Amino acid sequence: IVTLFSLVAITPTIIVAIVSGMFFEFGLQSWFSDKVRTALDNSQAVAVAYIAEHKKAIQADVLGMAKDLNSQAFALSGNKLLLEQALTVQAQFLSLSEAIVFDRKGVVKARARTTLDLIGDSFPLAALDMAAKGNIVPIVGGDNDDRVRVLVSLDGFLDHFLYISRFVDPNALALVKSTQDARSDYMLALDEQSQYRLWFNLTFIVIAFLVLLAA
């Protein structure tokens, strides 16, 4: 009689556990399928490519500005007002948020009138040295930086540098961050899916023993 009651009590629990385990496994496979991971990877790649395209565009802009300023260096170097006018025209045409010419000591020689403020960041000496060698140096801000910024040396001027920046669409930045967060959460859940299976199975085993004990 005990054996009969045990079988009657435990059999439905085992059947429910098997069916539920199958549904749970199918759910995990659908959540962590290659299609979902590919979609997240592609979304992140598109978001990163958007920011990279802005960086490439501003690098091309700073080269064009530096070339124009260097070609007129003889006239501009001795006339601060004329240099500011040239920077202002270039900044307006290229939709720049900042356009500043300064020397190695950080002294501002001229700035576009559209520039929101003076240089708010101290440039590391390594960045100035790289720019002095003819490189385009991207300036990396914090996590909340909403601009793409570059620094380049002005060959026509004595130990002078050109710094420009452009705001990035805040909606695009928010999309980039949300995409990165979603992918990070997905990868974390992917690493922990074995734990999900373990806890799910343990739960049904405990329930089965409780039902058997009650019977």
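Before reading on, note that the structure itself is shown above.
The rules behind the values
- Residues numbered from 1 in each chain as written.
- Predicted model: local features only at pLDDT ≥ 70, side-chain atom pairs only at ≥ 80, totals over all residues.
- Heavy atoms only, no water.
- Patch = residues over 30% accessible without salt bridge, like charges linked within 9 Å, V, L, I, M, F, W, Y side chains within 5 Å.
- Areas by Shrake-Rupley, 256 points an atom, 1.4 Å probe, with all protein chains shown as cover.
- Salt bridge = Lys/Arg side-chain N within 4 Å of Asp/Glu carboxyl O.
- Helix = DSSP H or I, 4+ residues; strand = E, 2+ residues; numbered from the N terminus.
- Buried < 20%, exposed > 50% of the residue type's maximum accessible area, 1.4 Å probe, protein only.
- Polar contact = N/O pair within 3.5 Å; in protein donor to acceptor, adjacent residues only side chain to side chain.
- Expected span 1.5 Å × (residues − 1).
- Pairing = 2+ DSSP bridges.

Q: Sorry if this is basic, but what is going on with a nonpolar patch on the surface here?
A: On the surface, a cluster of nonpolar side chains totalling about 560 Å² of accessible area is made up of Leu-198, Trp-199, Leu-202, Ile-205 and Phe-209. Within the fold, Leu-202 resides in helix 7 (residues 193-214).

Q: Explanation requested: the side chain of Glu-98 in the structure shown.
A: With respect to the element layout, Glu-98 can be found in strand 1 (residues 98-103). By relative accessible area, which is 2% here, Glu-98 ends up buried. At 2.9 Å, the side chain of Glu-98 forms a polar contact with the side chain of Tyr-163.

Q: What should I look at first to understand helix 4 (residues 80-94) in this one?
A: It helps to recall that an α-helix has 3.6 residues per turn; residues three or four apart then point in one direction. For helix 4, spanning 15 residues, the distance from its first C-alpha to its last is 21 Å, which sits close to the expected 21 Å at 1.5 Å a residue. All of the buried residues in helix 4 are Leu-83, Glu-84, Ala-86, Leu-87, Thr-88, Gln-90, Ala-91 and Leu-94. Its side-chain oxygen placed 3.3 Å from the backbone nitrogen of Leu-81, Asn-79 serves as the N-cap of helix 4. Directly after helix 4, the chain includes Ser-95, whose backbone phi takes a positive value near 60°.

Q: Any chance you could explain the pairing of strand 4 (residues 147-154) here in plain terms?
A: On any regular strand, side chains alternate: one points to one face of the sheet, the next to the other face. Most of strand 4 is tucked away: eight of the eight residues are buried. Looking at chain direction, strand 3 (residues 137-139) and strand 4 are connected through three bridges and run antiparallel. Bridge pairing in strand 4 places Val-137 opposite Leu-151. Here eight bridges tie strand 4 to strand 5 (residues 160-167), and the two strands are oriented antiparallel to one another. Note that in strand 5 the partner of Leu-151 across the bridge is Tyr-163. Counted between consecutive antiparallel strands, the loop separating strand 4 from strand 5 contains five residues, among which Asp-159 sits at a positive phi close to 55°.

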